[in-house]
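The residues making up each chain are set out below.
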Amino acid sequence: MSGPPAAPAGPPDRPRLHRVRLVAPTASMPTLLERLEPLADAVSVFEREVDEALEPLSFEVDLWLAERPDPDTLRARLAECLGGLGVVLPERLEVEEQPPETWLEAASLRGPPQRIGRFLLRAEPGGPAPPETIPIWMEAGLAFGSGEHATTRACLQALDRLVVRRPRRVLDLGCGSGILAIAAAKACRCRVWAVDNDPIAVRVARENVGRNGVADRVRVLLADGLGRGALRRAAPFDLVLANILADPLIELAPALTGVLAPTGRLVLSGFLDRQVAAVEAAYRRVGLRRLARLDRPPWAALVLGCCGGRRPGRPRRA
Ligand SMILES: C[S@@+](CC[C@H](N)C(=O)[O-])C[C@H]1O[C@@H](n2cnc3c(N)ncnc32)[C@H](O)[C@@H]1O
């Protein structure tokens, strides 16, 4: 199996982030978030998966800080701020340093609007768009997905062709700026789950979803792969878009195929043309076959679907 491609690289001096995780009872929301916001650069929240018969529902709350905090000082501030909310602070706060994510790049869409299939990508709200186009206003900021990268463009082109299938539930795994999720929501007027494991991408995607007026259709979640119960509950998806990298896509083959509807389509990108065979083989083993390949040298994208109505997801015997 080939290693991950060298490009696209993130900005060379992208700062590391520091994460402090707390557990909070459901009843503390949303007051808890309001009180935490001034203390961190970003705050993200996961619903914890617990056996509800044994344990009350609670949330994992992550505080993201650009500067490494002093654990004792931060703990004292948290104790002061969170009084009365039922949050039990650990004796000593753990501060975890997160490595910079090379996939994130600061590239942002500049210059005139760009047309990809029917999608018209703009860096600003802009005036009226030609009637046959679907305007998308993207500000990628620190998240990947301004629409300038060949893999994003290949996914948009594949999506443009798949709209005729009228997908009702779409998953965008590795949503970055949210560009594919927004495009799907606008083109298909369907429900979309957009997922990223980077809290900055999640924040940027939410902003872009709001900017494009599709917040009622797109749910943006912080998750690693399909590691959130909400995603498994939302399945099956008629269309899954995943522009990540060859290695995670290969690893995710059984899980991604398992959430795909029997007649669903999977659009994969983020790998080099020399990695296509390995990616395709991993999905063939779980019952999917190639329906189309889009080449954007040195990058490639694949459109996959189920073989002959077989329920996807289980590895085939050799
Ligand atoms: C190449 S960007 C794609 C962004 C956007 N979908 C596009 O097509 O332009 C890949 C994104 O996947 C995210 N990612 C990588 N591995 C992931 C995983 N295991 N689970 C969720 N997101 C992941 C990265 O944080 C990054 O934002």
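Residues numbered from 1 in each chain as written. Predicted model: local features only at pLDDT ≥ 70, side-chain atom pairs only at ≥ 80, totals over all residues.

Formed by 70 residues in total, the largest nonpolar core has its most connected members in Leu159, Leu180, Ala181, Ala183, Ala184, Val240 and Leu249. Take this core: its biggest share by element is nine residues, from helix H4 (residues 179–188). Every residue in contact with Leu249, bar those within four places of it in the chain, is listed here: Ala242, Ile244, Leu268, Gly270, Phe271 and Val279. Membership of the second largest hydrophobic core comes to ten residues, among which are Ala24, Phe59, Leu63 and Val87. (Core = buried A, V, L, I, M, F, W, Y, C linked by C-beta atoms within 7 Å. Buried ≥ 20, exposed ≤ 12 C-beta atoms within 10 Å, placed from the backbone. Helix = DSSP H or I, 4+ residues; strand = E, 2+ residues; numbered from the N terminus. Contact = placed C-beta atoms within 7 Å.)

Look at the link from Ala235 to Pro236: it is a cis peptide, with omega at 5°. If you trace the backbone, Pro236 turns up in the loop between helix H6 (229–234) and strand S11 (237–243). Of note, the phi angle at Arg166 is positive, near 50°, even though the residue is not glycine. Along the chain, the position of Arg166 falls in the loop between helix H3 (150–162) and strand S8 (169–173). For Arg166, a count of 11 C-beta atoms within 10 Å corresponds to the exposed category. Backbone geometry places Arg189, a non-glycine residue, at a positive phi of 50°. If you trace the backbone, Arg189 turns up in the loop between H4 and strand S9 (191–196).

Moving on to the confidence of the model for the chain. Of the residues in the chain, 81% reach a pLDDT of 70 or more, and the chain-wide mean stands at 83. Within the chain, strand S2 (residues 42–47) has the poorest average pLDDT of any element, 65, and S8 the best, 98. Between residues 1–12, whose pLDDT stays under 50, and residues either more than four places distant or in other chains, the model counts 24 contacts. A low-confidence stretch, residues 314–318 (pLDDT under 50), is modelled with seven contacts involving residues beyond four sequence positions or located in other chains. (pLDDT = per-residue confidence, 0-100.)

This part is about the sheet that holds strand S6 (residues 119–122). The mixed open sheet is built from three strands, whose spatial order is S5-S6-S7. The open sheet terminates on both sides in strands that have one partner only, identified here as strand S5 (114–116) and strand S7 (134–137). Sheet twist, expressed as the mean angle between neighbouring strand axes with direction ignored, is 30°. In this structure, S5 lies alongside S6, joined through three bridges in antiparallel fashion. Its bridge partner lying in S6, Arg115 is registered against Leu120. (Pairing = 2+ DSSP bridges. Axes fitted to C-alpha atoms, helices over the stretch in contact; angles between N-to-C directions.)

Our focus in this paragraph is the sheet that holds S9. Backbone hydrogen bonds hold the strands of a sheet together, and the pairing may be parallel or antiparallel. Spatially, seven strands are ordered S10-S9-S8-S11-S12-S14-S13 in an open sheet, and the strand pairing comes out mixed. Only two strands of the sheet have a single partner each, and these edge strands are strand S10 (218–222) and strand S13 (288–296). Across this sheet, the average inter-strand angle for adjacent strands is 15°, counted without regard to direction. Relative to strand S14 (residues 299–306), S13 is paired through eight bridges, and the arrangement is antiparallel. Opposite Arg293, over in S14, you have Leu302 as the bridge partner. Strand contacts of helix H5 (residues 199–211): S9 and S10, with the helix running at about 165° to S10, the strand carrying the most contacts.

Our focus in this paragraph is the environment of Leu245. Along the chain, the position of Leu245 falls in the loop between S11 and helix H7 (246–251). On the neighbour-count criterion, Leu245 (22 C-beta atoms within 10 Å) is buried.

Moving on, we get to the pairing of S11. Among the seven residues that make up S11, six are buried, leaving the element largely enclosed by the rest of the structure. As paired elements, S8 and S11 share four bridges and run parallel to each other. Note on S11: the bridge partner recorded for Val170 is Leu239. Sheet topology places S11 next to strand S12 (residues 260–272); six bridges connect them, and they run parallel. Paired with Val240 across the bridge in S12 is Leu266.

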